[in-house]
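Residue-level listing of the chains:
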Amino acid sequence: MRREGHIIEEITAYPNMSQSFDQVLRGTVRKRSRQGRWLLAHREEVIAELSAQIADGSYYIAGGYRERTIFEGGKERRIQILTMKDRIACHAIMAVVDAHIKRRFIRTTGASIKGRGMHDLKAYIERDMRENPEQTRYCYKFDISKFYESVDQQMLIDCVRRVFKDAKLIAILERFIRMMPKGVSIGLRSSQGLCNLLLSIHLDHVLKDRLGVKYFYRYCDDGVVLAATKEELWKIRDAVHECVEAIGHTIKANERVFPVTEGIDFLGYVIYPDHALLRKRIKVKFARKMGEVKSRKRRRVLTASFYGMAKHAQCNNLFIKLTGKAMKSFKDLNVAYKPDDGKKRFPGAVISIQELVNLPIEVYDFEMGVTTSQGPDRCVVAIKINGEPKKFFTDSKEMKNILQQIKEQPDGFPFTTVLKSESFGQGKTKYIFT
């Protein structure tokens with residue numbers, strides 16, 4: 001794929017800069033902070049200043065950063081936090097860059113990719129295991145050790161140069177990459193997308209394109225490969241090691257090859273061929289927090305967060321046990337969309353009435369007084385053809401009258417019929433129920 005140019009113009013376009021400003025300053029806390037109040041008071045000046053700096057390639061992180069230690073997944077991490085002004089510029093740059101590099105990613109990679117995430121990737125794994133049980137009997141699971149901290153900066157810059165040819169953009173991205181003395185910043189908006197690009201070029205496409213590995217899934221620096229035999233997975237394991245070591249990384253010693261019936265601990269779930277459960281650490285952490293929190297509002301927030309994970313697994317009993325609330329199915333809620341105009345909305349594609357002539361159909365409902373591009377006071381008729389829902393529009397007074405009479409009968413709908421066409425007048429055609 002050829003290199004791409006004219007990216008700077010997309011970044012500095014006012015809609016992109018304005019949207020990035022609003023995205024960074026979302027929420028009451030940020031707006032009321034000292035930085036937030038100043039930025040809101042000088043909104044247009046800030047956007048113009050950042051746009052000019054990005055346009056001539058001179059932008060750099062002027063405000064520096066502060067570091068904070070967080071504990072995530074049982075690990076201690078130091079993340080770098082920029083000023084809000086620098087975050088606006090970084091967001092504007094990466095919103096466009098991410099959109100361009102996303103096209104180069106394989107479909108079964110997630111993490112920091114718009115429109116994809118852990119549940120999207122989990123659905124792919126479950127679908128492949130369900131549809132191809134013989135080809136997905138065994139799993140190889142691996143994790144790259146200290147990925148962000150040990151990224152080779154020059155190799156990452158080379159990946160950027162393989163995708164983009166705009167010298168100004170490359171210079172800005174190089175400053176992002178070299179912000180840290182070693183590796184890349186965990187808290188910087190650019191790190192996730194560019195590191196995804198690194199692994200996409202040196203791992204994903206090697207496995208998929210060169211080696212033809214069919215069932216490969218990656219979420220950031222964690223990967224899963226499914227295959228029919230252990231022998232096949234051990235060969236893939238050697239290829240993964242070769243790819244990862246070529247870019248200066250190593251695979252953690254906890255890698256393993258095992259039958260999928262043991263459950264794949266991935267994406268916060270333990271995924272089996274026919275069901276999925278929540279990872280033990282998530283359950284324990286939630287139960288501990290619920291035991292410590294006294295605030296009713298905070299408990300509701302925690303419950304909602306836990307529900308967001310539990311609803312994607314078979315965890316009804318667990319959810320009830322830990323929260324005391326039953327997890328409802330949408331079917332049980334008995335709700336449906338109610339349009340403001342009170343008109344019915346029928347499923348199925350619109351079909352021309354001419355295409356229905358001489359075909360047996362089932363008419364199950366209708367709605368009068370519908371306005372279309374053909375005019376007001378039309379009638380939309382809901383039908384089924386071979387069990388598939390369709391609908392057609394008509395302005396026939398005769399057909400409207402007949403439908404109204406049938407509606408007044410206790411068991412009028414649904415009914416079966418065959419539409420016929422009749423000629424009358426000067427070459428006119430009408431359609432009737434028979």
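Presented here is an overview of the structure given in this document.

Conventions we followed
- Residue positions within a chain follow its written sequence, with the count starting from 1.
- Reporting of local features is limited, given that this is a predicted model, to residues whose pLDDT is at least 70; pairs of side-chain atoms are given and counted only at 80 or more, and all residues count toward the totals for whole chains, interfaces and linings.
- With hydrogens and water excluded, all non-hydrogen atoms of the structure serve as input to the side-chain values.
- A run of H or I in DSSP counts as a helix once it spans at least four residues, and a run of E counts as a strand once it spans at least two, with each numbered from the N terminus.
- Only the C-alpha atoms count toward the radius of gyration. The rule for a globule is 2.2 Å times the residue count to the power 0.38.
- Throughout, exposure labels follow a simple rule: accessible area from a 1.4 Å probe, protein chains only, divided by the maximum for the residue type, with under 20% read as buried, over 50% as exposed, and the rest as partly exposed.
- Every residue pair with non-hydrogen atoms within 4.5 Å of one another is taken to be in contact.
- Working definition of accessibility: Shrake-Rupley area with a 1.4 Å probe, residue cover restricted to the visible protein chains.
- Counting rule applied: Lys, Arg positive; Asp, Glu negative; His and chain ends not counted.
- To locate a charge, take NZ of a lysine, CZ of an arginine, CG of an aspartate or CD of a glutamate.
- Two kinds of site are reported from a 1 Å grid over the protein atoms alone, namely cavities, where a 1.4 Å probe fits but cannot get out, and pockets, open sets with protein on both sides within 12 Å along at least five of seven lines, and residues are called lining when an atom falls within 4 Å of a point.
- Grid points are joined across faces, edges and corners, and a volume is the space filled by probe spheres set on the points.
- For this analysis, a polar contact is any N or O atom pair within 3.5 Å, provided that within protein one partner can donate a hydrogen and the other can accept it, and provided that sequence-adjacent residues contribute only side-chain to side-chain pairs.
- Strands were regarded as paired on the criterion that DSSP finds at least two bridges between them.
- Two aromatic rings, drawn from Phe, Tyr or Trp (for Trp, its six-membered ring), form a pair once their centres lie within 6.5 Å of each other, and the interplanar angle then sorts them: stacked below 30 degrees, edge-to-face above 60, tilted otherwise.
- We define a salt bridge as a side-chain nitrogen of Lys or Arg found within 4 Å of a carboxyl oxygen belonging to Asp or Glu.
- Here the axes come from fitting lines to C-alpha atoms, over the contacting stretch only for helices, and the angles between their N-to-C directions go from 0 to 180 degrees.
- Note on terminology: a nonpolar core comprises buried Ala, Val, Leu, Ile, Met, Phe, Trp, Tyr and Cys residues joined through side-chain atoms within 4.5 Å.

1. Regarding the overall build of the protein
Next up, step 1: For the protein, the helix and strand inventory stands at 16 helices and 16 strands.
Next up, step 2: Over its C-alpha atoms the protein spans a radius of gyration of 29 Å, topping by over 25% the 22 Å that the globule rule assigns to 434 residues.
Next up, step 3: Overall, the protein is about 85 × 60 × 55 Å in size when its C-alpha atoms are taken along their principal axes.
Next up, step 4: Here the protein holds 434 residues, and 43% of them are scored as buried.
Next up, step 5: Put simply, 63% of the contacts in the protein that link residues at least 6 apart link residues at least 24 apart.
Next up, step 6: Surface exposure of the protein reaches about 24500 Å², of which carbon and sulfur atoms provide 50%.
Next up, step 7: With 77 positive and 52 negative side-chain charges, the protein shows a separation of 6 Å between the mean positions of the two kinds.

2. Things to note about the layout of surface pockets
Regions of empty space are outlined by a rolling probe, equal in size to a water molecule, passed over the atoms.
Next up, step 1: Its boundaries defined by the atoms lining it, the second largest pocket holds a volume of some 1100 Å³.
Next up, step 2: As for the second largest pocket, its lining consists of 38 residues, of which Gln23, Val24, Arg26, His91 and Arg189 are closest to the centre.
Next up, step 3: Contributing elements (two or more residues each) for the lining of the second largest pocket: helix H2 (14-24), helix H4 (34-41), strand S1 (65-72), strand S2 (75-82), helix H6 (84-102) and helix H10 (189-210).
Next up, step 4: Here the lining of the second largest pocket gets 9 residues from one element, more than from any other, and that element is H6.

3. Focus on the side chain of Arg378
Next up, step 1: Tracing the sequence through the fold places Arg378 in strand S13 (residues 375-385).
Next up, step 2: At a separation of 3.1 Å, a polar atom in the side chain of Arg378 contacts the main-chain carbonyl oxygen of Gln374.
Next up, step 3: For Arg378, the residues in contact, after removing those within four places along its chain, are Glu367, Met368, Gly369, Val370, Thr372, Thr394, Asp395 and Lys400.

4. Quick notes on the sheet that holds strand S6 (residues 222-227)
Across a sheet, strands are paired by hydrogen bonds formed along the backbone, either parallel or antiparallel in direction.
Next up, step 1: If you trace the 5 strands from one edge of the open sheet to the other, you get S3-S5-S6-S4-S7, paired in mixed fashion. Every interior strand has two partners, whereas the edge strands, strand S3 (109-110) and strand S7 (256-259), have only one.
Next up, step 2: Examined bridge by bridge, strand S4 (residues 138-143) and S7 share 4 bridges and lie antiparallel to one another. Of the residues in S7, the one forming a bridge with Cys139 is Phe258.

5. Considerations on the packing of aromatic side chains
Next up, step 1: Summed over the entire model, instances satisfying the criterion amount to 9 aromatic pairs.
Next up, step 2: Geometrically, the ring pair formed by Tyr140 and Phe142 is stacked, given 5.4 Å between the ring centres and 25° between the ring planes. The burial state of Tyr140 is the same as that of Phe142; both residues are buried.
Next up, step 3: Plain terms: the ring middles of Phe413 and Phe415 are 5.6 Å apart, the flat faces sit at 45° to each other, and that makes the pair tilted.
Next up, step 4: In this structure Phe413 comes out as partly exposed when scored by relative accessible area, which is 23%.

6. Some remarks on the pattern of salt bridges
Next up, step 1: Under the counting rule described, the total for this entry stands at 23 salt bridges.
Next up, step 2: Two residues, Arg104 and Glu4, come together in a salt bridge whose shortest N-O distance is 3.5 Å. Linking Arg104 in the loop between H6 and S3 with Glu4 in the segment before helix H1 (7-12), this pair joins segments that are 100 residues apart in sequence.
Next up, step 3: On the basis of relative accessibility, which here comes to 13%, the residue Arg104 falls in the buried class.
Next up, step 4: Residue classification places Glu4 among the buried residues on the basis of a relative accessible area of 12%.
Next up, step 5: Notably, a salt bridge pairs Asp204 with Arg218, separated by 2.9 Å at the nearest N-O pair. Of the two residues, Asp204 is situated in helix H10 and Arg218 in strand S5 (residues 215-219); the sequence distance between them amounts to 14 residues. The pair formed by Asp204 and Arg218 is uniform in burial state, with each residue classed as buried.

7. Side note on the sheet that holds strand S15 (residues 415-424)
Next up, step 1: Spatially, 6 strands are ordered S11-S14-S13-S12-S15-S16 in an open sheet, and the strand pairing comes out mixed. Edge strands, defined here as strands with exactly one partner in the open sheet, are strand S11 (349-350) and strand S16 (428-433).
Next up, step 2: Lying over the sheet, helix H16 (residues 397-408) contacts strand S12 (360-372), S13, strand S14 (388-394), S15 and S16, oriented at roughly 10° with respect to S16.

8. Quick word on the pairing of S13
Next up, step 1: Counting buried residues along S13, 8 of its 11 residues qualify, which places the element largely inside the surrounding structure.
Next up, step 2: Inspection of the sheet shows S12 paired to S13 by 7 bridges, in the antiparallel sense. Within S13, the residue paired with Glu367 across the bridge is Val380.
Next up, step 3: Between S12 and S13, which follow one another and run antiparallel, lie 2 residues.
Next up, step 4: Where S13 lies against S14, 7 bridges are found, and the strand directions are antiparallel. In the sheet register, Val380 faces S14, and the bridge partner there is Phe393.
Next up, step 5: Counting the residues between successive antiparallel strands, the hairpin from S13 to S14 contains 2 residues, one of them, Asn386, with a positive phi of roughly 55°.

9. A closer look at the side chain of Ser191
Next up, step 1: Turning to its location among the elements, Ser191 is positioned in helix H10.
Next up, step 2: What makes Ser191 buried here is its relative accessible area of 5%.
Next up, step 3: With residues near it in sequence (within four places) discarded, Ser191 still touches Tyr148, Val184 and Ser185.

10. Let's talk about the nonpolar core
Next up, step 1: Counting residues in each nonpolar core, the largest one holds 78 residues, and the members touching the most others are Ile54, Tyr59, Ile93, Phe164, Leu169, Phe176 and Val240.
Next up, step 2: Tallying contributions element by element places H6 first for this core, with 10 residues.
Next up, step 3: In this structure, Tyr59 is in contact with Leu50, Gln53, Ile54, Asp86, Ala89, Ile93, Ile172, Arg175 and Phe176, ignoring residues within four places of it in sequence.
Next up, step 4: Judged by nonpolar contacts, the second largest core, of 27 residues, contains Tyr215, Val260, Ile264 and Leu302.

Everything listed here is a matter of coordinates, which is why it stays silent on function.
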